[in-house]
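# Remarks on the overall topology
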Amino acid sequence: MDTRIVAADEAGLTEAARLLLSGHLVAFPTETVYGLGGLASRIESIRAIFKAKDRPTTDPLILHLLDPNLEKALKEGWLAGPLPASAVALAREFWPGPLTLILTRGPRTQREMTAGLDTVAVRCPAHPAAQSLLRQVGEPLAAPSANLFGRISPTDAEAVRQELGGKIRLILDGGPCSVGLESTVVNLVSPVPEILRPGAITADQVAKVLGSAPDIQRASSKKEKAQIAPGQLASHYAPRTPLYRSESPIRFFHPDFFHILFRKSEDPISQNAIVLTTDGNLESAARQLYRALRTADSSGCHAILVEPVPEGLWADAIHDRLTRASSGTAIWNGNAWKLLRGMNT
Ligand code: TXA
Ligand code: MG
């Protein structure tokens, strides 16, 4: 199948909506990462999404809504009541935006979309192209990130082509994503609200709206914790090249390694290196992280070394993705790097 990238302008959006309404899949931009969209109401589209991504059917998809009004989604049967007051408050504060809420599945939401669960993840994206597409389609879209299962989420149209080229007809190009990491996922069906996936909306921001701190599920490399929530695999978002997290700032560059740095280095920097932030701003580091991992992956280097994430607003989300992507820990022993598998926590 020929995969075309088209600008998310009027013609592109019209074509994308037409393809979706006739049961095809289309990749489209959101503010977090690119999504692989299909009609949520159509079982064939849901199945095609799992197939294109090579995603296990036990890993539920997110329902993308145009309207941030949860009452409307309830009335239309996508959700089942009663709506928790916390959900209404969080949606009012952060939608449209990079926040996904786990709520009770309504009769109109396909069971296969939620991997058989009685809950459903819902999100209202802020990207204007995603909104225009949802408006033209006139109904919600099921959309996971537009990458092969377990791989790095795409943050631009070309990265989608690298992942899904030949498997889908159309990629809508809306430029690079402004957030660059997947949405924060908050479970509101559990007895205490819990953050299943940290993202641009921080735990503190959620706590402020809820009036109390949510529980936080942390990524772990332990195999027995491989699935801490549906689809929350410990190993995920991974490049093909093994990634090691350095215990200390990287001062020594190895010619066969690719180095990902978080600070302005006074030292000469190796050619095989990317500095994610030059001023400690983790928002721009998050935006560039996945692109940097793709560059590292295609560099031909044997390993990727990442230095510690500095403290800051988005540190949790970056730390979470790096933990899931990593194979172990890198230690500088004074004259060489030691790479230890499975030592990350
Ligand atoms: O930013 C995002 O959320 C992007 C854009 C495209 O919207 N989408 C995305 O989808 O990251 P995906 O499928 O790659 O990740 C969805 C996450 C998975 O970890 C999945 O397990 C979790 O949400 N999830 C979905 N439904 C769930 C449910 N009912 N209960 C618990 N977790 C759920
Ligand atoms: Mg994903």
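You'll find the structure just up there.
Calculation criteria
- Residues numbered from 1 in each chain as written.
- Chains lettered and ligands numbered in written order.
- Predicted model: local features only at pLDDT ≥ 70, side-chain atom pairs only at ≥ 80, totals over all residues.
- Heavy atoms only, no water.
- Helix = DSSP H or I, 4+ residues; strand = E, 2+ residues; numbered from the N terminus.
- Buried < 20%, exposed > 50% of the residue type's maximum accessible area, 1.4 Å probe, protein only.
- Contact = heavy atoms within 4.5 Å.
- Areas by Shrake-Rupley, 256 points an atom, 1.4 Å probe, with all protein chains shown as cover.
- Lys, Arg positive; Asp, Glu negative; His and termini not counted.
- Charge placed at Lys NZ, Arg CZ, Asp CG, Glu CD.
- Expected span 1.5 Å × (residues − 1).
- Arc of directions from axis to C-beta.
- Pairing = 2+ DSSP bridges.
- Axes fitted to C-alpha atoms, helices over the stretch in contact; angles between N-to-C directions.
- Disulfide = S-S within 2.5 Å.
- Phe/Tyr/Trp six-rings, centres within 6.5 Å; stacked < 30°, edge-to-face > 60°.

### Focus: the overall build of the protein chain
- The helix and strand inventory of the protein chain stands at nine helices and 17 strands.
- Referenced to the eigenvectors of the C-alpha coordinate spread, the extents of the protein chain come out at roughly 65 × 50 × 35 Å.
- Burial statistics for the protein chain: of 345 residues in total, 55% are counted as buried.
- Of the contacts made within the protein chain by residues no fewer than 6 positions apart, 67% connect residues no fewer than 24 positions apart.
- Accessible surface, the protein chain: about 14,600 Å² in total, of which carbon and sulfur atoms supply 51%.
- Positive and negative side-chain charges of the protein chain, numbering 37 and 35 respectively, have mean locations separated by a distance of 4 Å.

### Points about helix α1 (residues 10–21)
- Here α1 is 12 residues long and its end C-alpha atoms lie 16 Å apart, about the 16 Å a rise of 1.5 Å per residue gives.
- Within α1, burial applies to G12, L13, A16, A17, L19 and L20. All buried residues of α1 fall inside an arc of 160° around its axis, so they share one side. The outward face of α1, more than 90 degrees from its buried face, is lined by the exposed residues E10, A11 and R18.

### Describing the sheet that holds strand β1 (residues 4–7)
- The strand order across the open sheet formed by 11 strands is β1-β8-β2-β3-β7-β4-β6-β5-β9-β10-β11, and the pairing between neighbours is mixed. With partners counted over all chains shown, the strands left at the sheet margins are β1 and β11 (215–216), one partner each.
- Two strands pair when backbone bridges link them, and strand β2 (residues 26–28) and strand β8 (residues 170–173) are joined in this way by two bridges, in the parallel orientation. Bridged to V26 within β8 is L170.
- On top of the sheet, helix α2 (residues 43–53) reaches β3 (35–39) and β7 (141–142); it is set at about 155° to β3, its chief contact.
- Against the sheet, helix α4 (residues 85–94) makes contact with β5 (99–104) and β9 (184–187), and its axis sits at roughly 155° relative to β5, the strand it touches most.

### Observations regarding the state of the cysteines
- Per the counting criterion, the structure on display carries zero disulfides.
- C177 provides the cysteine sulfur closest to C124, a residue in no disulfide bond, and the two sulfurs are 16 Å apart.
- Owing to a relative accessible area of 0%, C124 belongs among the buried residues under this scheme.

### Examining the sheet that holds strand β12 (residues 243–246)
- In spatial order, the strands read β14-β13-β15-β12-β16-β17; together these six strands make up an open sheet with mixed pairing. Every interior strand has two partners, whereas the edge strands, β14 (273–275) and β17 (337–341), have only one. Sheet twist, expressed as the mean angle between neighbouring strand axes with direction ignored, is 25°.
- Bridge count between strand β16 (residues 328–332) and β17: five bridges; the pairing is antiparallel. Across the sheet, G328 pairs through a bridge with R341, a residue of β17.
- In this fold helix α8 (residues 282–297) packs onto β12, β13 (257–261), β14 and β15 (303–306), with an angle of close to 165° to the strand it touches most, β13.
- Against the sheet, helix α9 (residues 315–325) touches β12 and β15, its axis set at about 130° to β12.

### So, the packing of aromatic side chains
- What the rule picks out here adds up to two aromatic pairs.
- One aromatic cluster is present, built from ring pairs that chain together F252, W332 and W337.

### What about the pairing of β5?
- Of all six residues that make up β5, five are buried, and the element is covered over most of its length.
- Across four bridges, β5 lies against β9 in parallel orientation. Note that in β9 the partner of L101 across the bridge is V186.
- Here β5 pairs with strand β6 (residues 119–123) via five bridges, running antiparallel. Within β6, the position partnered with T100 by the bridge is R123.

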